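Listed below are the residues making up each chain.
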Amino acid sequence: MHAPYTATGTVPQDSPLRAIAGRTVTAPAETLEDLLRRVTEMRKAGVTPVVQVARPVRWLWIAGALTGTTVIAVAGGVIAIVVEQYELAWTAAGAMLLAVVGIYAVLSHMELER
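Residues numbered from 1 in each chain as written. Predicted model: local features only at pLDDT ≥ 70, side-chain atom pairs only at ≥ 80, totals over all residues. Heavy atoms only, no water.

Hey, could you run me through helix α4 (residues 86-112) in this one?
It helps to recall that an α-helix has 3.6 residues per turn; residues three or four apart then point in one direction. In a regular helix each residue adds 1.5 Å, so 27 residues correspond to 39 Å; α4 covers 39 Å between its end C-alpha atoms and thus fits that length. For α4, every residue scored as buried is listed here: A89, A92, A99, I103 and V106. On its buried face, α4 sits against α3 (59-82). (Helix = DSSP H or I, 4+ residues; strand = E, 2+ residues; numbered from the N terminus. Expected span 1.5 Å × (residues − 1). Buried < 20%, exposed > 50% of the residue type's maximum accessible area, 1.4 Å probe, protein only. Contact = heavy atoms within 4.5 Å.)

Next comes the structure, spelled out in structure tokens:
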């Protein structure tokens, strides 16, 4: 799962830390105490920290919507074949393909956040 807090800051141009860390530094933190420690370390290095709180994404709702889209596209494709509207059936097949690729991406993100 991703860290719920992130401290980000820009390293000053005249700092020797810039040669090592680059222009921007980012430090993830799991707890508020960890975040406080990271912010203190950044301030000691001369970096002005900006604290960000991660917003959770509701991947399950997105996966459910894409699954529903796939089911509707399958039904539309079957109906289109029965009534011999083959262009519509190919369109439904394309919609199914796009929805399944979307489901794969969403499920990958869900697995990463576990």
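Before we go on, may I ask you to explain unusual backbone geometry in this structure?
For residues that are not glycine, phi is negative in most cases, and the peptide bond is trans in most cases. Within the chain, E84 stands out as a residue other than glycine whose phi angle is a positive 60 degrees. Positionally, E84 belongs in the loop between α3 and α4.

Got a minute to help me understand the environment of A95 in this structure?
In this fold, A95 is placed in helix α4. A95 sits in the partly exposed class, given a relative accessible area of 32%. Along the chain, A95 and G77 lie 18 residues apart, while their C-alpha atoms are 9.6 Å from each other.

Is there a simple way to think about the pairing of strand β2 (residues 24-29) in this case?
Across a regular strand the side chains alternate sides, sitting on one face of the sheet and then on the other. Only one face of β2 is covered, namely the one carrying V25, A27 and A29; the face carrying T24, T26 and P28 has none of its residues buried. Note: strand β1 (residues 5-10) against β2, six bridges, orientation antiparallel. Residue pairing for β2: T8 is matched across the bridge by T26. (Pairing = 2+ DSSP bridges.)

Please explain a nonpolar patch on the surface as it appears in this structure.
Taken together, the side chains of V74, V78, I79, V82 and V83 define a hydrophobic patch exposed on the protein surface, amounting to about 460 Å² of accessible area. Looking at where I79 falls in the secondary structure, it is placed in helix α3. Accessibility expressed as a relative area gives 54% for I79, which makes it exposed. (Patch = residues over 30% accessible without salt bridge, like charges linked within 9 Å, V, L, I, M, F, W, Y side chains within 5 Å. Areas by Shrake-Rupley, 256 points an atom, 1.4 Å probe, with all protein chains shown as cover. Salt bridge = Lys/Arg side-chain N within 4 Å of Asp/Glu carboxyl O.)

Even after reading the chapter, I still don't get α3, so can you show me in this structure?
The first and last C-alpha atoms of α3 sit 35 Å apart over 24 residues, in line with the 34 Å expected at 1.5 Å per residue. By the burial criterion, the buried members of α3 are W59, A63, T70, A73, G77 and A80. Those residues of α3 hidden inside the fold are in contact with α4. Taken from the residues just after α3, E84 is the one with a positive phi, measuring 60 degrees.

Whenever I open this one, the sheet that holds β1 confuses me. Can you help?
Each strand in a sheet pairs with another by means of backbone hydrogen bonds, the pair being arranged parallel or else antiparallel. Pairing in this open sheet of three strands is antiparallel, and the strands run β2-β1-β3 from one edge to the other. On the outer flanks of this sheet lie β2 and β3 (48-53), each paired with one strand and no other. Ignoring strand direction, the axes of neighbouring strands in this sheet form an average angle of 20 degrees. Strands β1, β2 and β3 of the sheet are contacted by helix α2 (residues 32-44), whose axis makes an angle of about 10 degrees with β1. (Axes fitted to C-alpha atoms, helices over the stretch in contact; angles between N-to-C directions.)

Looking at this structure, how should I read the side chain of T70?
Examined against the element boundaries, T70 turns out to sit in helix α3. With a relative accessible area of 14%, T70 lands in the buried category.

Is there a simple way to explain the nonpolar core in this structure?
Side chains of nonpolar character tend, in soluble globular proteins, to be buried together. By size, the foremost hydrophobic cluster in this structure holds eight residues: A7, V11, V25, A29, L35, V39, M42 and V47. Elements with a contribution of two residues or more to this core: β2 and α2. With three residues, the single largest contributor to this core is α2. (Core = buried A, V, L, I, M, F, W, Y, C linked by side-chain atoms within 4.5 Å.)

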